[in-house]
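Architecture and fold: a report
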Amino acid sequence: MTVPIKGFSKLSKEEKINWIALHHTSDPERTRALLKSYWNEDPARQQLHDEFTENTLSNYYMPFGVAPNFLINGQLYAIPMATEESSVVAAAGKAAKYWMQRGGFSTKVLGVEKTGQVHFFYKGDFEKLKQFLREIKPIMIRDASEITKSMENRGGGVLSIALRDKHDVLANYRQLHCTFDTRDAMGANFINSCLEQFATTLKRELISASGFTEEEKAIEIVMSILSNYIPGCMVRAEVSCPVKQLNEDPGLTPEEFAAKIVRAVNIARVEPYRAVTHNKGLMNGVDAVVVATGNDFRAVEAGIHAYAAREGSYRNLSYASVQDGQFRFWTEIPLALGTVGGLTRLHPMVKLSLEILGDPSAEQLMQITATAGLAQNFAALRSLVTTGIQHGHMKMHLLNILNELGATTREKELIIHQFRKQTVTYGAVTAAFQKMRNN
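All values reported here derive from a predicted model rather than from experimental measurement.

1. Observations regarding the packing of helix α10 (residues 272-292) against helix α11 (residues 297-308)
Where α10 meets α11, the axes come as close as 10 Å, and the angle between the chain directions of the two elements is 150°. Classified by the angle between their axes, α10 and α11 sit roughly antiparallel to one another. Here α10 runs over α11; the crossing is right-handed. Residues Asn279, Met283, Val286, Asp287, Val290 and Val291 of α10 form the contact with α11, whose own contacting residues are Phe297, Val300, Glu301, Ile304, His305 and Ala308. Residue composition of the contact of α10 with α11, by class: eight nonpolar, two polar and two charged.

Now the structure itself:
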């Protein structure tokens, strides 16, 4: 039975577990045992995990895998991926091997500019406020100097502070639209601290300024916050080869295969229902690397999908072309990632992921992550236009079905052998398993 509780966060972990088990589960003893079975055996390491968030009861494990053979700008990588979807790592690794034999992936960072805004309401002459901002901008930069000093020493900092008039969409709404370079940090805390200081300075200076009415001085600061829409922080990843080298799909000529990929991409450009799933395929690869490296996959998802809708309709994030006998497949996506700060110095698996990748800079991680997304997207499209998506996906899903059915190791071996050349469906596997058990 669900019951309200006060002071839950102040309870010990044991007390929290007991309360949840008693009031929210049908078998309290089983719940307690399950939660404790996922605790880390090392108390110090478990405490570290407990303090990543609030009201921690246990750890929620995700499979941590690696996709090898990624040749990116001439350098070979094994890419760590944290994901629960069965076919993602296998598909990415298969695409990596495919393109390694055709020259590999080429990548380029197109920009590293991140954005934040101070949202406020101002009843007055916008041009007068605009001129005032020009005058106090040095003061705003000076007031934030303690915040920006360390970032500036690393080559980053505040890039611009601009006043924008949004009165036409919401009465008296204005904003400071600010851009930043946060170097190897994702930079959320840095950006938000700067923005809050800018807001404080703006309000203080306006109150003491001459030439403004009392109504104009009474600006209302609503909020100061970074934006996860970052079209100025972009990365490109691409592959290309002569069409005649696309020769590993029986039943299709290289020319037919290339044409099918191009058509599939064009469908995603004009059909939003398909574009969402097309882009989900790309994000399968992106998110798996983002999670493995301790970055914020919710922010990445929000920014990338906003970018996909930048033209007023939701569109594809990867592109394909055939020109002069050359096949080309590429993506350009916004990615705000960090390799310092956050979990990078705390979570042991995050530190291991970055070590496996050669301790990359934020720009290098952007390129690696975009490549993983492009590889996954290519693998999905290749399956769709040849064997169909379920052929490979359900083969990978076979073990999940067998585990759900409670198959023994020997039963798994026999069923996997049986379905080597059969189509895997839940019904077919269940029937084969029951037949085996009955015999």
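2. A word on the packing of aromatic side chains
The final tally for this structure, using the stated rule, is 13 aromatic pairs. Between the aromatic rings of Phe132 and Phe212, the centroid separation amounts to 5.3 Å while the plane-to-plane angle is 70°, which identifies the pairing as edge-to-face. Of this pair, Phe132 sits in helix α5 (residues 126-143) while Phe212 sits in the loop between α7 (188-207) and α8 (214-217), and the two are 80 residues apart along the sequence. With respect to class, Phe132 is no different from Phe212; both count as buried. The ring of Tyr307 has Arg310 sitting right over it, with the charged end atom 3.8 Å from the ring centre.

3. Description of helix α1 (residues 13-24)
Because each turn of an α-helix spans 3.6 residues, side chains separated by three or four positions end up pointing in the same direction. With 12 residues, α1 should cover 16 Å at 1.5 Å per step; its first-to-last C-alpha distance of 16 Å lies within 8% of that length. Listed in full, the buried residues belonging to α1 are Lys13, Lys16, Ile17, Trp19 and Ala21. Its buried side turned inward, α1 meets α2 (28-37) and α3 (43-50).

4. Some thoughts on the sheet that holds strand β6 (residues 173-181)
Here we have four strands laid out as an open sheet, ordered β5-β6-β4-β7, and antiparallel in their pairing. In this open sheet, the two edge strands, each paired with only one partner strand, are β5 (157-165) and β7 (220-227). Geometrically, the sheet is characterised by an average inter-axis angle of 15° between neighbouring strands, direction not taken into account. In the sheet, strand β4 (residues 114-121) pairs with β7 via seven bridges, with the strands oriented antiparallel.

5. Remarks on the environment of Ile5
Within the fold, Ile5 resides in the segment before α1. Judged by relative accessible area, which is 34%, Ile5 ranks as partly exposed. As a C-alpha pair, Ile5 and Trp19 span 14 residues in sequence and 9.4 Å in three-dimensional space. Beyond its immediate chain neighbours, meaning those up to four positions away, Ile5 contacts Leu11 and Trp19.

6. Observations concerning the sheet that holds strand β3 (residues 106-109)
Sheet strands pair via backbone hydrogen bonds, and the direction of the pair is either parallel or antiparallel. Judged by pairing direction, the sheet is antiparallel, and its four strands sit side by side in the order β3-β8-β10-β9 without closing on themselves. A single partner strand is all that each edge strand has here, and the edge strands are β3 and β9 (318-323). Each strand axis lies, on average, 20° off the axis of its neighbour in the sheet, ignoring direction. One ladder, built from nine bridges, connects strand β8 (residues 234-242) with strand β10 (residues 326-334); its direction is antiparallel. Residue pairing across strands places Arg236 opposite Glu332, the latter belonging to β10. Of the strands in this sheet, β9 and β10 are in contact with helix α9 (residues 254-270), which crosses β9 at around 140°.

7. A look at the pattern of salt bridges
Overall, the coordinates contain 18 salt bridges when judged by the stated rule. Where Glu85 meets Lys280, a salt bridge forms, and the shortest distance between an N and an O atom there is 2.8 Å. Residue Glu85 is found in the loop between β2 (75-82) and α4 (88-100), and its partner Lys280 is found in helix α10; the two are separated by 195 residues along the sequence. A relative accessible area of 22% means that Glu85 is categorised as partly exposed. The residue Asp143 makes a salt bridge to Arg142 at a minimum N-O spacing of 3.3 Å.

8. Considering the nonpolar core
Residues Phe70, Ile79, Leu176, Phe198, Phe327 and Leu335 are the most contacted members of the largest nonpolar core, which totals 92 residues. With 11 residues, helix α13 (residues 362-385) is the largest single contributor of residues to this core. Once residues lying within four places of it in the same chain are set aside, the contact partners of Leu176 are Gly116, Gln117, Val118, Phe120, Leu133, Met140, Ile161, Ala162, Leu163, Phe198 and Leu202. Formed by 10 residues, the second largest nonpolar core is a distinct cluster that contains Leu398, Leu402, Ala432 and Phe433.

9. A few points about a nonpolar patch on the surface
Where nonpolar side chains cluster on the molecular surface, the patch consists of Phe64, Val66, Met349, Leu352 and Ile356 and spans about 370 Å² of accessible area. Take the nonpolar patch: its biggest share by element is three residues, from helix α12 (residues 348-356). Of note, Ile356 is situated in helix α12. Taking the relative accessible area as the measure of exposure, Ile356 reaches 36% and is therefore partly exposed.

10. A word on the state of the cysteines
Put plainly, two cysteines are in a disulfide when a covalent bond ties their sulfur atoms together. Applying the stated criterion to the full structure yields zero disulfides. A disulfide-free cysteine, Cys233 has its sulfur positioned 16 Å from the sulfur of Cys194, the nearest such atom.

11. So, the environment of Cys194
Looking at the secondary structure, you find Cys194 in helix α7. For Cys194, a relative accessible area of 0% corresponds to the buried category. The spatial distance from the C-alpha of Cys194 to the C-alpha of Phe419 is 59 Å, given a sequence separation of 225 residues.

12. Focus: α3
Within α3, the full set of buried residues consists of Gln46, His49 and Asp50. Angularly, the buried residues of α3 cover 105° about the axis, an arc narrow enough to put them on a single face. The secondary structure elements touched by the buried residues of α3 are α1 and α12. Residue Asp42 occupies the N-cap position of α3, its side-chain oxygen lying 3.0 Å from the main-chain nitrogen of Ala44.

Rules and cut-offs
Residues numbered from 1 in each chain as written. Predicted model: local features only at pLDDT ≥ 70, side-chain atom pairs only at ≥ 80, totals over all residues. Heavy atoms only, no water. Axes fitted to C-alpha atoms, helices over the stretch in contact; angles between N-to-C directions. Helix = DSSP H or I, 4+ residues; strand = E, 2+ residues; numbered from the N terminus. Parallel < 35°, antiparallel > 145°, perpendicular 65-115°, else oblique. Left-handed = near helix turned anticlockwise from the far one by under 90°. Contact = heavy atoms within 4.5 Å. Nonpolar A, V, L, I, M, F, W, Y, C, P; charged D, E, K, R; others polar. Phe/Tyr/Trp six-rings, centres within 6.5 Å; stacked < 30°, edge-to-face > 60°. Buried < 20%, exposed > 50% of the residue type's maximum accessible area, 1.4 Å probe, protein only. Lys NZ or Arg CZ within 6 Å of the ring centre and 35° of its normal. Expected span 1.5 Å × (residues − 1). Pairing = 2+ DSSP bridges. Salt bridge = Lys/Arg side-chain N within 4 Å of Asp/Glu carboxyl O. Core = buried A, V, L, I, M, F, W, Y, C linked by side-chain atoms within 4.5 Å. Patch = residues over 30% accessible without salt bridge, like charges linked within 9 Å, V, L, I, M, F, W, Y side chains within 5 Å. Areas by Shrake-Rupley, 256 points an atom, 1.4 Å probe, with all protein chains shown as cover. Disulfide = S-S within 2.5 Å. Arc of directions from axis to C-beta. Polar contact = N/O pair within 3.5 Å; in protein donor to acceptor, adjacent residues only side chain to side chain.

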